[in-house]
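Survey of secondary and tertiary structure
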Amino acid sequence: MKKVLYTFLIATALFSCKKTEEVEIEKPTEETHIESKVAELYGFDLKDYILEEDTIRSGDNLGKIFGENHLNATEVQNIVTQVKDTFNVRSIRAGQPYALVKFKKDPKKLAAFVYHPDVTGYKVIDLRDSIHAYTKSYPVTIKRRTVASAIEGSLSSSLAKEGVDQALATRMSQIFAWSIDFFKLRPEDRFAITIEEKYINDTIPVGVANVEAAYFNYRGKDLYAFPYKQPGARNTVYYDEKGRPMKAMFLKAPLKFFRITSKYTKSRFHPVQKTWKAHNGTDYAAPSGTPIMTTAAGVVERAGYTAGNGNFVKVKHNGTYSTQYLHMSRILVRTGQRVDQGQTIGLVGSTGLATGPHVCYRFWKNGVQVDPKSQVTPNSEPMDKRDLPAFMAYIKPLKEEIDLMNNKFTE
């Protein structure tokens, strides 16, 4: 019996070895795998074509590349003309990869030109039967995750340490712009964020597709932000955990970068008129041509010129508030035009009674000019109370996920 069992085991082992050998023999070689992948990507059967890959160098253009591959100027011009609606030949940039597809039977003859403008896909100029161009995009997948971190250096560097696209720092600074001074973040501050990220071919990250929820503990205060689109609304708005808009009605200033040279005051020596008088605005100095933004959405009440104000724009925001922007070098809006918060309405200048380039920002409440720095202004339009239950139900799992990740991080 033992002899029979021993014989069976030897036979089984030999059969297993033979089977393993057959699998190894039939396994595609690395060269075969690469060839198959390239053929699938570009759509050319490499049994019939040769593929030559290279990189666009400084000074290269389509005419030069085609000329080096036995196409004359007339042929190049014909190709450019026929593909102009689908392939912008001037968009070719140094450093980007490309491939030349040639016929195996006639290697001097170009069958196609393949160009990679970025990692998301490629463009093809097919020269075989009829000249035409088309674009192919690689498969994009979305992966979702929540990350939490303390601030280490800057927000950008903190995100990078978590393997998140640093461009997300700009989006987060916009979300929390009315709550956080991102130039004054401290090591004890921390954040958590739930995002959807895009991947090419399931492996190459190409940025953040969507922010589902965001959180900051800034100077000991918990700040939540959830994007939500109310029924019938045109845009998605960020709300906190109680359904209050994150976005304040007014920006803090009409310029992104500035220096305050004169504040709102009841008595100031006017640098041009050489007399003491009230200054009912705030002067923000900046180079000529700097974009001036409207601090809140509204309708342009007047856009024009006076000897004192120079080129100016006045915006009516609602029945309570209006703002005015003086001394522009150029006005970019017209009377009656609706403008959005942060929209560029003009450029800094020194027209009217001004000694240098700046914008004088004036603020009205109920028809009276006041100091905007002393005002407690409202947030954006509040959420309709009828929509609040649906919003709270929507954010509940998102907030729980953020809190869970944040608690794990702080334990």
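Residues numbered from 1 in each chain as written. Predicted model: local features only at pLDDT ≥ 70, side-chain atom pairs only at ≥ 80, totals over all residues. Heavy atoms only, no water.

Some thoughts on the overall build of the chain
- Helix and strand counts for the chain stand at seven helices and 22 strands.
- Summarising the internal contacts of the chain: among those between residues at least 6 apart in sequence, 60% fall at separations of at least 24.
- As presented, the chain carries roughly 24100 Å² of accessible surface, and 53% of it is formed by carbon and sulfur atoms. (Helix = DSSP H or I, 4+ residues; strand = E, 2+ residues; numbered from the N terminus. Contact = heavy atoms within 4.5 Å. Areas by Shrake-Rupley, 256 points an atom, 1.4 Å probe, with all protein chains shown as cover.)

A short note on the pattern of salt bridges
- Per the counting criterion, the structure on display carries 14 salt bridges.
- Between Arg 57 and Asp 54 there is a salt bridge, with the nearest N and O atoms lying 3.2 Å from each other.
- Among the salt bridges present, the one from Arg 128 reaches Asp 126, with a minimum N-O distance of 2.7 Å.
- Judged by relative accessible area, which is 32%, Arg 128 ranks as partly exposed.
- In this structure Asp 126 comes out as buried when scored by relative accessible area, which is 3%. (Salt bridge = Lys/Arg side-chain N within 4 Å of Asp/Glu carboxyl O. Buried < 20%, exposed > 50% of the residue type's maximum accessible area, 1.4 Å probe, protein only.)

Thoughts on the layout of surface pockets
- Approximately 2200 Å³ is the volume attributed to the largest pocket.
- Lining the largest pocket are 49 residues, and of these Trp 178, Lys 247, Ala 248, Leu 251 and Gln 341 sit closest to its centre.
- Of the residues in the lining of the largest pocket, the class split is 25 nonpolar, 13 polar and 11 charged. (1 Å grid on protein atoms, 1.4 Å probe; cavity = no way out; pocket = protein on both sides within 12 Å on 5 of 7 lines; lining within 4 Å. Points joined across faces, edges and corners; volume = space filled by probe spheres on them. Nonpolar A, V, L, I, M, F, W, Y, C, P; charged D, E, K, R; others polar.)

Description of the sheet that holds strand 9 (residues 221–228)
- The five strands lie next to each other as 6-7-8-9-10, forming an open sheet whose pairing is antiparallel. Strands at the two margins of the open sheet, each flanked by one partner only, are strand 6 (140–150) and strand 10 (237–239). Put simply, the sheet's adjacent strands are angled 30 degrees from each other on average, direction ignored.
- Of the strand pairs in this sheet, strand 7 (residues 190–200) and strand 8 (residues 204–218) are connected by 10 bridges, and their pairing is antiparallel. What sits directly across from Ile 193, in strand 8, is Ala 214. (Pairing = 2+ DSSP bridges. Axes fitted to C-alpha atoms, helices over the stretch in contact; angles between N-to-C directions.)

A closer look at the side chain of His 317
- Counting through the fold element by element, His 317 comes out in the loop between strand 17 (310–316) and strand 18 (321–331).
- Not counting residues within four places of it along the chain, the set of residues in contact with His 317 comprises Met 249, Phe 250, Thr 294, Ala 296, Ala 297, Gly 298, Ser 322, Thr 323 and Tyr 325.

Things to note about the packing of aromatic side chains
- Under the criterion given, the structure shown has 22 aromatic pairs.
- When the centroid spacing of 5.1 Å and the interplanar angle of 80 degrees are considered together, the rings of Tyr 42 and Tyr 122 count as edge-to-face. Taken together, the residues span a long stretch of sequence, with Tyr 42 in helix 2 (residues 30–42) and Tyr 122 in strand 4 (residues 121–126) at a distance of 80 residues.
- Residue classification places Tyr 42 among the buried positions, given a relative accessible area of 7%.
- The class for Tyr 122 is buried, based on a relative accessible area of 4%. (Phe/Tyr/Trp six-rings, centres within 6.5 Å; stacked < 30°, edge-to-face > 60°.)

Overview of the sheet that holds strand 4
- Read from one edge of the open sheet, five strands run 1-2-3-4-5, paired in antiparallel fashion. Looking along the sheet, the strands with just one partner apiece sit at the ends: strand 1 (49–55) and strand 5 (132–137). With direction set aside, neighbouring strand axes in the sheet form an average angle of 20 degrees.
- With five bridges connecting them, strand 2 (residues 97–103) and strand 3 (residues 110–118) associate as antiparallel partners. Paired with Tyr 98 across the strands is Tyr 115, a residue of strand 3.

Remarks on the confidence of the model for the chain
- For the chain, mean pLDDT is 83; residues scoring 70 or higher make up 84% of the total.
- With pLDDT under 50 throughout, residues 1–40 is counted as low confidence; its partners more than four residues away or in other chains account for five contacts. (pLDDT = per-residue confidence, 0-100.)

Comments concerning helix 4 (residues 73–83)
- Listed in full, the buried residues belonging to helix 4 are Val 76, Ile 79 and Val 83. An end-on view of helix 4 places all buried positions within 60 degrees of arc, on one side of the element. The exposed residues of helix 4 that point more than 90 degrees off its buried face are Ala 73 and Thr 74.
- For helix 4, the secondary structure elements touched by its buried residues are helix 3 (62–67), strand 4 and strand 5. (Arc of directions from axis to C-beta.)

Regarding the side chain of Thr 290
- Mapping Thr 290 onto the fold places it in the loop between strand 14 (282–285) and strand 15 (291–293).
- What makes Thr 290 buried here is its relative accessible area of 18%.
- There is a polar contact of 2.7 Å between the side chain of Thr 290 and the backbone oxygen of Pro 287.
- Contact partners of Thr 290, with chain neighbours within four places excluded, come to Leu 255, Gly 346, Leu 347 and Val 348. (Polar contact = N/O pair within 3.5 Å; in protein donor to acceptor, adjacent residues only side chain to side chain.)

Let's talk about the nonpolar core
- Leu 155, Leu 159, Leu 168, Met 172, Phe 176, Ile 193 and Phe 216 are the most contacted members of the largest nonpolar core, which has 23 residues in total.
- Residue assignment for this core shows that the elements contributing at least two residues are helix 5 (155–161), helix 6 (168–175), strand 7, strand 8 and strand 9.
- Take this core: its biggest share by element is five residues, from strand 8. (Core = buried A, V, L, I, M, F, W, Y, C linked by side-chain atoms within 4.5 Å.)

Concerning the environment of Lys 365
- Relative to the helices and strands, Lys 365 is located in strand 21 (residues 358–365).
- Judged by relative accessible area, which is 29%, Lys 365 ranks as partly exposed.
- Distance from Lys 365 to Tyr 321, taken between C-alpha atoms, is 4.9 Å for residues 44 residues apart in sequence.
- For Lys 365, the contacting residues outside a window of four places in its chain are Thr 320, Tyr 321, Val 370 and Gln 375.

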